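Inside the fold
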Amino acid sequence: MKVYGVTGWKNAGKTGLMERLVAEITARGLTVSTIKHAHHSTDVDQPGRDSYRHRAAGAREVLLSSPHRWALMHELREADEPPLADLLARLSSADLVLVEGYKGAAHPKVEAHRAANGKPPLAVENATITAIAADAPVTTPLPRFDLDDTAAIADFILTELGLMDQPAPVQSAADLIPPRLKDDCFAMPQGVDWVPVNQALSRLKSVLHPVTSVENVATAQARGRVLARDAMARRSNPPRPNSAVDGYGFAHAATGSGVQRLPLAAGRAAAGQPFAGAVPHGSAIRILTGAILPDGVDTVVLEEDTVTDGATVAFDGPVKPGANTRKAGEDVVADTLALPAGHRMRAPDLALLSALGVASVDVYRKLRVGVLSTGDEIVPAPDLPAAPHQIWDANRPMLLSLAAGWGFDPVDLGHVNDDPAQIQNRLDAGAEQADVILTSGGASAGDEDHVSTLLRQKGTLSSWRIALKPGRPLALSQWQGVPVFGLPGNPVAAFVCALIFARPALSMLSGAGWQMPQGFEVPAAFSKRKKAGRREYLRARLSEDGTAEVFRSEGSGRISGLSWATGLVELPDDALEVTPGTPVRYLPYTSFGVE
Ligand code: AMP
Ligand code: MG
């Protein structure tokens, strides 16, 4: 139990400050008890009252009871006044005990101070006083509050005692230097056989790891970011037991079966407006959704199941114990895992962490994805003229936009001709500006495949012959320690290879872990015979009857098919004869993060 005191000279406003603090702090949902020390007589010392008469006649203890309260009075007679610790031990548990008086006891105190009293603050001599609440300026090294600024004084006391849920400190993320990939990580035995897609994928998965450093961002700004560390709950949700409905709250033990009639306690408990007192056993109180259950309430009956005349509420029993209430921490318990490292933050995650008081999170810096187009025939942008032997760059806007859609920072490395010096310069620049580079074109093993030639000579090229259609060898390399994915030039093949290989690989590099698309089986609306030996991805769309149609042509230059499609149909590595109705696996574009 936390103890805090209010002290001060006579007429300094101690009792007024106590009263305001009790009201303020209970209104915040904490239970507060008080102890008051008086030097002479107290308000129960008035002669003539019944309890006075019992005591005056010689009773050892008098316990006064009514439907509203009970009070135990213990007569000291010749005995010494007990120390504060003994008195504290007699109280039922509460979040805070505010003590008026006892200025010599060790607990921390705020001093109420009135300038008109003409006395120097007690704090000058009393080291247990930690703050001054004064009605006029006072010279003091201690925190000083306006005597009437109850909210600020309560904030101070609750903070001192650790009873306030503080806003999360903004952490400074250690700017760790992320490890580079191993030089030979892309090495693949260069056999004559084609590597099955799954084997290529598991190989990639095993050699990649996060390559970006860590930064701290506000939770509200964290959408799309990847947690670099576990996010832990700073507080339970809900923090206190509360009501799940609008209705009437009471102690279950006071009710039974049959019609229940409970007197209504005055007041009500609402969300943000907790009921300060305790509800007497056998009484009920009006309670609204989200309100903290007041002391004496553990069960709530739904308003619709009751009748009331304003003084009594009646309902049919039995009501289940704890009905219509939410337990503290029933959603999330304080200091437990809220979201694990590697999790990519979405709108609901922002809600969760905010509800748990997590103000900022450590996230990986966004992966910078460089995109470079190559080819003598390529005109960099559609606002430039193109001769008949030239084509506008389709891959670069596509790949940049895929990278952005996946939550990465796209870095436009432009276009270069099939010229080793130009490619080399641009890769040099790319290695400075990006964490990973995607190139398109020139990645096969032919005379004009300058990207793979250069990467073989000056990088660490490994040509992965993957058993995949559409697709050609995937050129994997590092350039000055930066991984380079050489994608095919054909836009259709570049797109498919980007979705199947680049997406999970980039995700791994970004810290978000390996990502596979979630597909589902649908009946084919087409016929196709396929040989064993390689996996095929067809541009497809779901028709209204839930079957998968495929694009009329499989030609990998047919960019229009990519736009026509809403996803891909994946045909397995084995031989397969598809006829209308054959189940096939459909992977919507959205399952690849393409929107
Ligand atoms: P490559 O892989 O360089 O042999 O190119 C294969 C095919 O893709 C060729 O027809 C190229 O003209 C075409 N191509 C290469 N890069 C692009 C690009 N950025 N945009 C559109 N088509 C391209
Ligand atoms: Mg080319």
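Everything quoted here is computed from the prediction, not taken from an experiment. (Residues numbered from 1 in each chain as written. Chains lettered and ligands numbered in written order. Predicted model: local features only at pLDDT ≥ 70, side-chain atom pairs only at ≥ 80, totals over all residues. Heavy atoms only, no water.)

Turning next to the pairing of strand E4 (residues 70-74). In the sheet, strand E3 (residues 61-65) pairs with E4 via 5 bridges, with the strands oriented antiparallel. Each residue of the ladder has a partner; that of Leu64, found in E4, is Ala71. Hairpin connection from E3 to E4: 4 residues lie between these consecutive antiparallel strands. (Pairing = 2+ DSSP bridges. Helix = DSSP H or I, 4+ residues; strand = E, 2+ residues; numbered from the N terminus.)

Now for the nonpolar core. Core analysis: the biggest nonpolar cluster contains 53 residues, and Phe186, Leu204, Val369, Leu402, Trp464, Phe501 and Leu506 have the highest contact counts within it. Breaking this core down by element, the ones donating at least two residues are helix H5 (197-207), strand E22 (368-374), helix H7 (395-405), strand E26 (436-440), strand E28 (466-469), strand E29 (474-479), strand E30 (482-487) and helix H10 (491-510). Summarising the domain contributions, this core has at least three residues from each of domain 4 (368-381 + 400-491) and domain 5 (520-592). Ignoring anything within four residues of it in the chain, the contact list for Leu402 reads Phe495, Ala498, Leu499 and Val594. Val110, Phe145, Leu147 and Leu158 belong to the second-largest nonpolar core, a separate cluster that totals 24 residues. (Core = buried A, V, L, I, M, F, W, Y, C linked by side-chain atoms within 4.5 Å. Buried < 20%, exposed > 50% of the residue type's maximum accessible area, 1.4 Å probe, protein only. Domains from an automatic or database assignment. Contact = heavy atoms within 4.5 Å.)

Now for the sheet that holds strand E7 (residues 129-134). Taken in spatial order, the 6 strands of this open sheet run E2-E5-E1-E6-E7-E8, and their pairing is parallel. Two strands close off the open sheet at either side, each with one partner strand: strand E2 (32-36) and strand E8 (144-146). Adjacent strand axes in the sheet meet at a mean angle of 25°, parallel and antiparallel pairs treated alike. Pairing of E7 with E8 involves 3 bridges; the strand directions are parallel. Residue Ala134 lies in a different strand from E8, and its bridge partner there is Asp146. The sheet contacts of helix H1 (residues 14-27) involve strand E1 (2-8), E2, strand E5 (96-100), strand E6 (109-113) and E7, and relative to E5 the element is tilted by about 170°. (Axes fitted to C-alpha atoms, helices over the stretch in contact; angles between N-to-C directions.)

Turning our eyes to something else, we now look at the environment of Asp331. By secondary structure assignment, the location of Asp331 is in the loop between strand E19 (325-326) and strand E20 (337-339). For the pair Asp331 and Pro239, spaced 92 residues apart in the sequence, the C-alpha separation amounts to 9.7 Å. Each residue touching Asp331, except ones within four places of it in the same chain, is listed here: Asn237 and Pro238. In terms of polar contacts, Asp331 uses its side chain to reach the side chain of Asn237, at 2.6 Å. (Polar contact = N/O pair within 3.5 Å; in protein donor to acceptor, adjacent residues only side chain to side chain.)

Between H1 and helix H4 (residues 150-160), the shortest axis-to-axis distance is 10 Å and the interhelical angle comes to 70°. Overall, the two elements H1 and H4 adopt an arrangement that is roughly perpendicular. For the pair H1 and H4, contact is made by Leu17, Arg20, Leu21, Glu24 and Ile25 and by Thr150, Ala151, Ile153, Ala154, Ile157 and Leu158, respectively. The residue makeup of the contact of H1 with H4, split by class, is 8 nonpolar, 1 polar and 2 charged. (Parallel < 35°, antiparallel > 145°, perpendicular 65-115°, else oblique. Nonpolar A, V, L, I, M, F, W, Y, C, P; charged D, E, K, R; others polar.)

Another aspect to go through is the domain arrangement of the protein chain. By the assigned domains, the protein chain splits into domain 1 (2-175), domain 2 (214-237 + 330-364), domain 3 (242-326), domain 4 (368-381 + 400-491) and domain 5 (520-592). Distance from the C-alpha centre of domain 1 to the C-alpha centre of domain 3: 31 Å. Residue-level contacts link 6 residues of domain 1 with 5 residues of domain 3. In total, domain 1 and domain 3 occlude about 350 Å² of area from one another, counting both sides; carbon and sulfur atoms represent 60% of this. Counting across the domain 1 and domain 3 interface gives 0 residue pairs in polar contact (both at pLDDT 80 or more). A breakdown of the residues in the side of domain 1 that touches domain 3 according to their chemical character gives 2 nonpolar, 3 polar and 1 charged. (Buried area = accessible area lost by both parts, 1.4 Å probe.)

Let us now look at the pattern of salt bridges. Evaluated as defined, the whole model comprises 22 salt bridges. Between Asp155 and Arg28 there is a salt bridge, with the nearest N and O atoms lying 2.7 Å from each other. Placement of the pair is Asp155 in helix H4 and Arg28 in the loop between H1 and E2, with a sequence separation of 127 residues. With relative accessibility at 31%, the residue Arg28 sits in the partly exposed group. Salt-bridge contacts for Glu554 lead to Lys469; the nearest nitrogen and oxygen are separated by 3.1 Å. In this pair, Glu554 is assigned in the loop between strand E34 (548-550) and helix H11 (559-564) and Lys469 in strand E28, connecting sequence segments 85 residues apart. Residue Glu554 is classed as partly exposed on the basis of its relative accessible area of 33%. With relative accessibility at 27%, the residue Lys469 sits in the partly exposed group. When salt bridges that share partners are traced, they join Lys469, Lys528, Glu536 and Glu554 into one network. (Salt bridge = Lys/Arg side-chain N within 4 Å of Asp/Glu carboxyl O.)

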